[in-house]
Amino acid sequence: MFSSKILGTGSYLPEKILTNADIVQKVETTEEWIFDRTGIKTRHVAADDQNTTDLAKIAAERAIEAANIDKSKIDCVLFATVSPDQVMPSAACMLQAKLGLQRCAALDLSAACTGFVYALSVADQFIKTGMYQNILVVGAEVLTRYVNYDDRDTCILFGDGAGAFVLSRNEDETSNAKIYSAHLYADGYLGDLFELPGGGSAHPVSVPMIQEGLHYMRMKGREVFKNAVRSMNDCCKEALEVNNMSEPDVQWLIPHQANIRIIDAVAKNFGINKEKVIINIQRTGNTSAGTIPIAFDEAVREGKIKRGDKILLAAFGAGITSGSMLLEY
Ligand code: UT7
């Protein structure tokens, strides 16, 4: 069986920034409330002419450059998103065309904010079996197009962004890089805690659907919060137990960036020093499937994450989905 190595990472955040002061102009809230309750100060917002695959293209080009491979060698594109440019064709196919990749496999994966961890795990399985050798794994969203800027519960949280990895068969004899394990879960019966009902077959696009505001995300924040802490704690514990490791064996925890209080609760439960937790939520807000690859790439480029480091990823999202992954970079 082969093992997987992250050959290169890349990310992209659009230029336009939405500050807490901007949000105060839209809904009844304060800059202090938003920062105290979420840890977010700013989020990036895609320009009108930028769609999800445009953000992904830049992140992917950066990942391919960092991986130092010819893009013709990519044999699969796996795209985690819940905000694709169109219902069809898939974002993965659109990205393949934009990058000028040769004929290869391309598919989207929908697991909301857990999407990138799910996609990385699927990619790892393809590599382990020998089916593919170099997979472009992307997590990208333009969720701000689905935010109701009259809803103070949700409009404070979300931003746009993209992250990408080139995950490849590890052929470097000097490297122990691999994915140790992934633990992926869903509690579908909790689907109504966080949803975007409009635009699908249950509520096709229509004037009444839009009048009801079903084309916006809606969330029971407090319930999502509780489930997030519980599920991320469980997944992190399982990852360490299955691999016979404990906190000192792990150099970095990269949690989904949804709320600083969720991150703090998970870090506390895990007993991990906050210095070992990668956090960028104050600048980015919640970019859903984008948070983990963006935070990962920034930490690599800042020189924090080094080859040989063991890294724990932990995520949760609409579904309710959750998952963890333990890997060596
Ligand atoms: O990737 C998964 C995506 N979702 C999440 O991760 C969301 C998880 N949940 C959260 O992050 C938090 O639940 C929120 C940030 C959304 C809300 O924070 P909270 O501490 O759970 O607040 P709450 O919903 O319990 O509301 C407390 C109070 C309420 O007022 P009353 O009923 O106590 O009078 C809300 O109406 O805060 C009020 N409130 C606000 N006040 C000022 C809610 N939103 C705001 C706001 N500004 N933006």
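Predicted model only: the values in this text are computed from it and were never measured.

(A) Just the domain arrangement of the protein chain, in detail. Each assigned domain of the protein chain is listed here: domain 1 (4-169) and domain 2 (178-328). Just the C-alpha atoms count here: the centres of domain 1 and domain 2 sit 14 Å apart. In this assembly, 52 residues from domain 1 lie in contact with 47 residues from domain 2. Note on domain 1 versus domain 2: buried area summed over both sides is about 3900 Å², and carbon and sulfur give 63% of it. Between the two partners, domain 1 and domain 2, sit 24 residue pairs in polar contact (both at pLDDT 80 or more). Looking at the side of domain 1 that touches domain 2, the elements with two or more residues in it are strand 1 (4-12), helix 2 (31-38), strand 3 (42-45), helix 3 (52-67), helix 5 (115-129), strand 6 (134-142) and strand 7 (160-169). Grouping the constituent residues of the side of domain 1 that touches domain 2 by class yields 24 nonpolar, 16 polar and 12 charged.

(B) Representation of the packing of aromatic side chains within the structure. By the definition in use, this model includes 5 aromatic pairs. Centroid distance F116 to F165: 4.9 Å. Interplanar angle 80°. Geometry classified as edge-to-face. Here the residue F116 occupies a position in helix 5, and F165 occupies one in strand 7, the gap between them amounting to 49 residues. Given a relative accessible area of 1%, F116 falls into the buried group. Overall, the relative accessible area of 0% leaves F165 in the buried class. Both rings, one in F126 and one in Y132, keep their centres 5.0 Å apart while their planes meet at 80°; by these two values the pair is edge-to-face. Given the relative accessible area of 15%, Y132 is considered buried. Through a chain of ring-to-ring contacts, the aromatic side chains of F116, F165, F296 and Y329 assemble into a single cluster. The ring centre of F2 lies 3.8 Å from the NZ or CZ of R169, which sits over that ring. A cation sits over an aromatic face here: R307 above Y329, 3.8 Å from the ring centre.

(C) Fine view of the state of the cysteines. Counted under the stated rule, the structure contains 0 disulfides. With no disulfide partner, C235 has as its closest neighbouring cysteine sulfur the one in C236, 6.8 Å distant.

(D) Just the side chain of R43, in detail. Topologically, R43 is positioned in strand 3. The charged side chain of R43 is buried without a salt bridge, its nearest counter-charge being D22 at 6.9 Å. Among the polar contacts listed, one links the side chain of R43 to the backbone oxygen of I156, at a separation of 2.9 Å.

Cut-offs and rules
Residues numbered from 1 in each chain as written. Predicted model: local features only at pLDDT ≥ 70, side-chain atom pairs only at ≥ 80, totals over all residues. Heavy atoms only, no water. Domains from an automatic or database assignment. Contact = heavy atoms within 4.5 Å. Buried area = accessible area lost by both parts, 1.4 Å probe. Polar contact = N/O pair within 3.5 Å; in protein donor to acceptor, adjacent residues only side chain to side chain. Helix = DSSP H or I, 4+ residues; strand = E, 2+ residues; numbered from the N terminus. Nonpolar A, V, L, I, M, F, W, Y, C, P; charged D, E, K, R; others polar. Phe/Tyr/Trp six-rings, centres within 6.5 Å; stacked < 30°, edge-to-face > 60°. Buried < 20%, exposed > 50% of the residue type's maximum accessible area, 1.4 Å probe, protein only. Lys NZ or Arg CZ within 6 Å of the ring centre and 35° of its normal. Disulfide = S-S within 2.5 Å. Lys, Arg positive; Asp, Glu negative; His and termini not counted. Salt bridge = Lys/Arg side-chain N within 4 Å of Asp/Glu carboxyl O.

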